[in-house]
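Chain by chain, the residues:
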Amino acid sequence: MSSPTDSKAGTVAFTHPDFTLFQIARFLIVAAVEMQAIAVGWQVYEITRRPLDLGLVGLAQFLPGILLFPISGHVSDRFERRNVLTACYAGYAFCSALLLGIARSRAHSIVSIYVVLLLVGIVRSFNGTASRAILPQLVPEEHFPNAVAWNATTFQAATILGPSMGGILYAPLFGGPSAVYVAATLTAIGAFFSTLRIKTRPRPQREPMTFKTVFAGLRFIWRERLILGAISLDLFAVLLGGAVALLPVYARAILHTGPWGLGLLRTAPGVGASIMAVLLAPRPLRGRAGVTLLWSVAGFGIFTILFGVSRSLVLSLAALLLLGSCDMISVIIRATLVQLRTPDEMRGRVTAVDMIFIGTSNEFGQFESGLTAQWFGTVPAVVLGGVGTLAVIGLWAWLFPELRKAGALTATSPATDNRDLESV
């Protein structure tokens, strides 16, 4: 018979009130961003009918992160992370309000939309580092793996609700993109007020901003071969295998559905990821994390290929659901690995570099998908991307033997030299 303590083990992270407040805020802001993404994607494709312009949507949000990552990472280490987050959530609300103004003006030029997306990219560059670096300040180390799993679950739950609501609200009955942007603005404001109530744990003395400290995150990751292998694997695999940017094309031209169908397609990876995260929350990975990471990314590539060749909405949704499940396994492994092996005083800067890898695979991956779809066609672009993902896995397993040998996800001291690490 299990004890009360055992029965609560799966949700132990929520016994810390500040973690709960952070999850509420995170859910709201991710839902707002996902709703907004549905509206922007459909609106841009409706104006131009060019896949390349969908790729530029990702590029506009990616470029600020590349330019600002040394600053955004140091800001998260130098200043109170809760204050950084509240400023970012206010920035998201402002950007949604600007998109609302553009939609209400009924302008058919997408240049103004891209300008706002550049602002979104600036906000995202600071939000990404602060939101990930703050997590270890909200729970004790022994509860951190559980917190990572629930943090990922919250994110995926929002990626389910956000696109679904965005697709529904975009319908003419509710007012098209304007209704979506109103909802996104109000939701971001809710995240802002939830974050104001968070109290974080004390942090060590913070380093002043110098050229050396700004780029310390890059040097740390380059030295830690296991971390470098894990996050670079994600970068190249998702960069090649990402099909999210082309979902408006699939919804309209291949699967012959409307905004509601686009919402379902955008939601499906989040459903699969949420199911997997809930399964892993009470049963964290115990061993062979590296091999599990490699196989999960392989699954991501295989189901990307299946989605690419599908002409059935049901089969496409199933492929995206399984794709999201595989992606969630790699997300939890990578997030736990990076956070537990990084000293708190460097988490912002290391996270900033990690966010560049993530942004490259996601936002720049959208640009790559749009560009290859413009050159070769939508279906060949997605299928070739999935094949490329599988090729990357084989190459990385050879280049980074640390990945194959990585054991359990536990806290260990970071490496102090360039020697290979055989366990986490």
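Refer to the preceding data block for the structure.
Fair warning: this is a prediction, and the values are worked out from it, not measured in the lab.

What counts as what
- Every chain is numbered on its own, with residues counted from 1 as its sequence reads.
- Residues qualify for local features only when their pLDDT is at least 70, as the model is predicted, and side-chain atom pairs are given and counted only at 80 or more; totals for whole chains, interfaces and linings, by contrast, use all residues.
- Side-chain numbers here rest on the full set of heavy atoms in the structure, without hydrogens or water.
- Throughout this description, the term salt bridge denotes a Lys or Arg side-chain nitrogen within 4 Å of a carboxyl oxygen of Asp or Glu.
- Only DSSP runs of H or I with at least four residues qualify as helices, and only runs of E with at least two residues qualify as strands; both kinds are numbered from the N terminus onward.
- Accessibility here uses a 1.4 Å probe with only protein chains present; expressed as a share of the type maximum, an area under 20% marks a residue as buried, one over 50% as exposed, and anything in between as partly exposed.
- The term polar contact refers here to a pair of N or O atoms within 3.5 Å; inside protein, the definition further demands a hydrogen-donor-capable atom paired with an acceptor-capable atom, and it admits residues adjacent in sequence only when both atoms are side-chain atoms.
- Structural elements are reduced to axes, namely lines fitted to C-alpha atoms, with helices fitted over the stretch in contact, and the angle between N-to-C directions of any two is expressed from 0 to 180 degrees.
- The cut-offs work like this: below 35 degrees is roughly parallel, past 145 is roughly antiparallel, 65 to 115 is roughly perpendicular, and the gaps in between are oblique.
- We call a crossing left-handed when the near helix sits turned anticlockwise from the far one by less than a right angle, and right-handed when that turn is clockwise.
- Whether two residues touch is decided by their heavy atoms; if any such pair falls within 4.5 Å, the residues are in contact.
- Think of it as three bins: nonpolar holds Ala, Val, Leu, Ile, Met, Phe, Trp, Tyr, Cys and Pro, charged holds Asp, Glu, Lys and Arg, and polar takes everything else, Gly as well.
- To form a nonpolar core, buried Ala, Val, Leu, Ile, Met, Phe, Trp, Tyr and Cys residues must be joined to one another through side-chain atoms within 4.5 Å.
- Planes of paired rings set the category: under 30 degrees apart is stacked, over 60 is edge-to-face and the rest tilted, where pairs are Phe, Tyr or Trp rings (Trp by its six-membered ring) whose centres lie within 6.5 Å.

Q: What's the story with the pattern of salt bridges in this structure? I'm lost.
A: Pairing of side chains with opposite charge becomes possible as their charged atoms draw close. This model, assessed by the stated rule, comprises three salt bridges. Residue Arg266 is joined to Glu34 by a salt bridge in which the shortest nitrogen-to-oxygen separation is 3.2 Å. With Arg266 in helix α12 (residues 259-280) and Glu34 in helix α2 (residues 17-48), the pair connects residues that are 232 residues apart, well separated along the chain. Given the relative accessible area of 12%, Glu34 is considered buried. We note a salt bridge from Asp53 to Arg50, for which the minimum N-O separation is 2.9 Å. Residue class for Arg50 comes out partly exposed when judged on its relative accessible area of 38%.

Q: How should the side chain of Ser330 be read in this particular structure?
A: Topologically, Ser330 is positioned in helix α14 (residues 313-340). Within the local environment of Ser330, its side chain forms a polar contact with the backbone oxygen of Asp327, the two atoms lying 2.8 Å apart.

Q: For this particular structure, what's the right way to read the packing of helix α11 (residues 247-254) against α12?
A: For any two helices packed against each other, the geometry comes down to the angle between their axes and how far apart the axes lie. Interaxial distance between α11 and α12 falls to 9 Å at its minimum, and their mutual angle equals 135°. By the criterion of interaxial angle, the relationship of α11 to α12 is oblique. Once α11 is placed against α12, the crossing between them reads as right-handed. When α11 is examined against α12, the residues Leu247, Pro248 and Ala251 are found in contact with a partner set consisting of Leu262, Leu265 and Arg266. Residue composition of the contact of α11 with α12, grouped by class: five nonpolar, no polar and one charged.

Q: How should the nonpolar core be read in this particular structure?
A: Across soluble globular proteins, nonpolar side chains show a tendency to be buried alongside one another. One finds Leu233 and Leu403 to be the most contacted residues of the largest nonpolar core, which totals 112 residues. The element best represented in this core is α2, accounting for 15 residues. Residue contacts for Leu403: discarding those within four places in its chain leaves Leu226, Gly229, Ala230, Leu233, Gly290, Val291, Leu293, Leu294 and Trp396.

Q: Sorry if this is basic, but what is going on with the environment of Gln61 here?
A: Inspection of the secondary structure assignment puts Gln61 in helix α3 (residues 51-78). Judged by relative accessible area, which is 12%, Gln61 ranks as buried.

Q: Sorry, what's going on with the packing of aromatic side chains here?
A: When we look at a pair of aromatic rings, we describe it by the centre distance and by the angle of the planes. Within this structure, the stated rule accounts for six aromatic pairs. Ring geometry for Phe14 against Phe19: centres 5.2 Å apart, planes inclined by 70°, an arrangement best described as edge-to-face. Since its relative accessible area comes to 32%, Phe14 is described here as partly exposed. According to the relative accessible area criterion, Phe19 is buried, its value standing at 0%. Aromatic pair Phe192 and Phe193: ring centres 5.2 Å apart, planes at 80°, arrangement edge-to-face. Judged by relative accessible area, Phe192 falls into the partly exposed class, the value being 24%.

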